[in-house]
Amino acid sequence: MRKRVYIETYGCQMNEHDTERIFRLLEGSHYLETRNAQEADFILINTCSVREKPEHKVYSALGRFKCLKEKRGTVIGVAGCVAQQEGSRLLVKIPYLDMVIGTHAIPLLPQLLQEIEVSGKRVCEVGFDPGGNYLKTILPQVPLDQVRSYVTIMQGCDHFCSFCIVPYVRGREQSRPSREIIEEVERLVDMGVKEVCLLGQNVNGYGKGLKEEIHFSELLHRVDEIDGLDRIRFTTSHPRDLSEELIHAYSKLSKLCEHIHLPFQSGSDNILRAMHRGYTKESYLEKIDRLKKVCPSIAVTADAIVGFPGEEERDFEETLDLIQKVRFDDLFSFKYSPRKGTRAAQFTDKVEEKVKQGRLSVLQEIQREITLQKNQESECGVEEVLVEGRSKQGDQDVTGRTRSNKIVNFEGDLSLVGKLASVRITKAYPHSLRGEMLGSGFASSPQYFLCRRS
Ligand code: SAM
Ligand code: SF4
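Residues numbered from 1 in each chain as written. Chains lettered and ligands numbered in written order. Predicted model: local features only at pLDDT ≥ 70, side-chain atom pairs only at ≥ 80, totals over all residues. Heavy atoms only, no water.

1. Comments concerning the sheet that holds strand S16 (residues 397-402)
So, point 1. One closed barrel holds the five strands; their spatial order is S15-S16-S17-S19-S18, and the pairing between them is mixed. Adjacent strand axes in the sheet meet at a mean angle of 50 degrees, parallel and antiparallel pairs treated alike.
So, point 2. One ladder, built from three bridges, connects strand S17 (residues 407-411) with strand S19 (residues 433-440); its direction is parallel. Directly across from Val 408, in S19, lies its bridge partner Leu 433. (Pairing = 2+ DSSP bridges. Helix = DSSP H or I, 4+ residues; strand = E, 2+ residues; numbered from the N terminus. Axes fitted to C-alpha atoms, helices over the stretch in contact; angles between N-to-C directions.)

Written out as structure tokens, the structure reads:
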């Protein structure tokens, strides 16, 4: 009988994609996914430790699953950044934990599970893999029921921003050979995928250390040529490394969606320096101007941190000023949380918790209004929507995304899934749009492309 695996994921897209890869890997080892932890033979908690909240969740999840270990002997594991960071200390802290598996060790998972089954031993595997084998393609074993898919193109980071744990838990930048990436995208397209999101902590660094000479914009050109693929997205790029070639890709590549996620973190030059970000507010704004000149319809989203050590009221006002100047389509904002082992964790000029919370609320209120206004700007316009499935809003509705990554719900049946529909936007809400379909089934046409970019 096939065993069942239940995975709980916390944190970033990188972690979500790792979970997807783990499922694919375990399907090959005769495990079936279950959404019910109670019936699982193996429970894996896959967490990120970039911020404090996801890290806390791992401990509370472990607490919840303790009784399953006692009642059913369920094998319990922790994967991801928290596992990488804590290593065997986690096995000491949590006596009923069977497995700790780091960010580079995913391909070893089936083997480790077998080891636990045979010997009953608890295992910990958190070594880094300098050869990059952990990044190799893991294709689905069963037909993919999805229109969009992530594809990892690189992992790790060489930037060492003073607040960030990523270089310590994901290692240095490692890129995958372009041929492997292209083959993976082609296979996914064969399985029905229409949109790929190329994933990396710093995609602009793509190509470093590879035998072939290739940059990220060149990779985009190659992916753009894949037949049957409708759309390309990528995340995340670092503002300092955003090249002119990449900016120009928005005017040249018809499949590249008009959206960029470009985290700025702070609008204050003093804070940006202390964060070790390598750009100023002015140079960030210049890059946004360049992007908007080349691609006027581009949607821009970003990440911001409030309450970084030393942030004074005037620094925070610079952040608000930047938000109002750019008018982001959406913003992911966080209170700074010190991460053990990073440089900023040693900084002494901490901002009080209630000041951080106050600033976060002010910033989010301003952004909420801007996001709604940006959504309202699309009212009455016609958008190309890639239909993904049934909408949560009702049985008569389907849901999909515009090229600018906004969610649109409209009346339609499931035969539209995987197709591009032409949808008139009738109403804007804070987190989605409502529309009515005008037509469907067209491929991304050059005319549509030209009119979007002008
Ligand atoms: N590589 C991306 C970049 O350079 O912008 C960011 C990737 S990071 C995994 C995702 C986001 O988490 C960051 O953009 C930042 O806003 C947030 N973040 C990272 N460390 C943080 C910390 N210590 N406290 C609060 N937010 C943090
Ligand atoms: Fe972290 Fe900075 Fe690297 Fe982004 S660029 S992953 S924030 S160290």
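2. Considerations on the pattern of salt bridges
A side chain of one charge can pair with a side chain of the opposite charge when the charged atoms of the two come close.
So, point 1. A full pass over the atoms with the stated rule returns 42 salt bridges.
So, point 2. In this structure, the salt-bridge partner of Glu 388 is Arg 148, at a minimum N-O distance of 3.2 Å. On the criterion of sequence distance, the pair formed by Glu 388 in strand S15 (residues 382-390) and Arg 148 in strand S7 (residues 148-152) is long-range, its members being 240 residues apart.
So, point 3. Classification of Arg 148 as partly exposed rests on a relative accessible area of 31%.
So, point 4. For the salt bridge of Lys 356 with Glu 353, the shortest nitrogen-to-oxygen distance reads 3.7 Å. In this pair, Lys 356 and Glu 353 are both assigned in helix H13 (residues 353-377), three residues apart and thus about one turn of the helix distant.
So, point 5. Of the residues examined, Glu 353 reaches a relative accessible area of 45% and is grouped as partly exposed.
So, point 6. Salt bridges here are not isolated pairs; linked through shared partners, they connect Arg 148, Glu 195, Arg 231, Arg 233, Glu 258, Glu 384, Glu 388, Arg 401 and Arg 403. (Salt bridge = Lys/Arg side-chain N within 4 Å of Asp/Glu carboxyl O. Buried < 20%, exposed > 50% of the residue type's maximum accessible area, 1.4 Å probe, protein only.)

3. Some points on a negative patch on the surface
So, point 1. A cluster of acidic residues, Asp 269, Glu 282, Glu 286 and Asp 289, forms a negative patch on the protein surface.
So, point 2. You can call Glu 282 exposed: its relative accessible area is 54%. (Patch = residues over 30% accessible without salt bridge, like charges linked within 9 Å, V, L, I, M, F, W, Y side chains within 5 Å. Areas by Shrake-Rupley, 256 points an atom, 1.4 Å probe, with all protein chains shown as cover. Lys, Arg positive; Asp, Glu negative; His and termini not counted. Charge placed at Lys NZ, Arg CZ, Asp CG, Glu CD.)

4. A few points about the site of ligand 1
So, point 1. Around ligand 1 lies a shell of 17 residues, among which Arg 51, Gln 201, Gln 265, Asp 303 and Ser 337 are the nearest.
So, point 2. A distance of 2.8 Å separates an oxygen atom of ligand 1 from a polar side-chain atom of Arg 51.
So, point 3. For ligand 1, the accessible surface in isolation is 570 Å², of which the surrounding protein chains cover 93%.
So, point 4. Going through the elements one at a time, strand S13 (299-306) and strand S14 (330-335) are the ones with two or more residues in the shell around ligand 1.
So, point 5. Counted by class, the shell around ligand 1 contains seven nonpolar, five polar and five charged residues. (Near = heavy atom within 4 Å. Polar contact = N/O pair within 3.5 Å; in protein donor to acceptor, adjacent residues only side chain to side chain. Nonpolar A, V, L, I, M, F, W, Y, C, P; charged D, E, K, R; others polar.)

5. A short note on the sheet that holds S13
The strands that make up a sheet pair up through hydrogen bonds in the backbone, lying either parallel or antiparallel.
So, point 1. With parallel pairing, three strands are arranged side by side in an open sheet as S12-S13-S14. Lying at the two open borders of the sheet, with one neighbouring strand each, are strand S12 (259-261) and S14. For this sheet, the mean inter-axis angle between neighbouring strands, taken without regard to orientation, is 10 degrees.
So, point 2. Across six bridges, S13 lies against S14 in parallel orientation. Its bridge partner lying in S14, Ala 304 is registered against Ser 333.

6. What to know about the side chain of Ser 266
So, point 1. With respect to the helices and strands, Ser 266 occurs in the loop between S12 and helix H10 (269-275).
So, point 2. Accessibility expressed as a relative area gives 0% for Ser 266, which makes it buried.
So, point 3. Among the polar contacts made by the side chain of Ser 266, one reaches the main-chain amide nitrogen of Ser 268 at a distance of 3.0 Å.
So, point 4. With near-sequence residues (within four places) excluded, Ser 266 lies in contact with Ile 271, Leu 272, Met 275 and Thr 319. (Contact = heavy atoms within 4.5 Å.)

7. A word on the packing of helix H9 (residues 244-252) against helix H11 (residues 281-294)
So, point 1. Where H9 contacts H11, the two axes come as close as 8 Å, and the packing angle between them is 25 degrees. Regarding the angle of H9 to H11, the classification is roughly parallel. Along this stretch, H9 crosses H11, giving a crossing that reads as right-handed. Together, Glu 244, Ile 247, His 248, Tyr 250 and Ser 251 of H9 and Arg 290, Leu 291 and Val 294 of H11 make up the contact between the two elements. (Parallel < 35°, antiparallel > 145°, perpendicular 65-115°, else oblique. Left-handed = near helix turned anticlockwise from the far one by under 90°.)

8. Some thoughts on the site of ligand 2
So, point 1. Surveying the vicinity of ligand 2 reveals the residues Cys 157, His 159, Phe 160, Cys 161, Phe 163, Cys 164, Val 166, Pro 167, Gln 201, His 238 and Arg 277.
So, point 2. Across the shell around ligand 2, the residue classes tally to seven nonpolar, three polar and one charged.

9. Quick notes on the packing of aromatic side chains
So, point 1. Under the definition given, this model contains 11 aromatic pairs.
So, point 2. For the ring pair Phe 160 and Tyr 168, a centre distance of 5.5 Å and an interplane angle of 85 degrees mean the geometry is edge-to-face.
So, point 3. Under the relative-accessibility criterion, Phe 160 is labelled partly exposed at 25%.
So, point 4. Where Phe 264 meets Phe 328, the ring centres are 5.3 Å apart and the plane angle is 15 degrees; that geometry is what we call stacked. (Phe/Tyr/Trp six-rings, centres within 6.5 Å; stacked < 30°, edge-to-face > 60°.)

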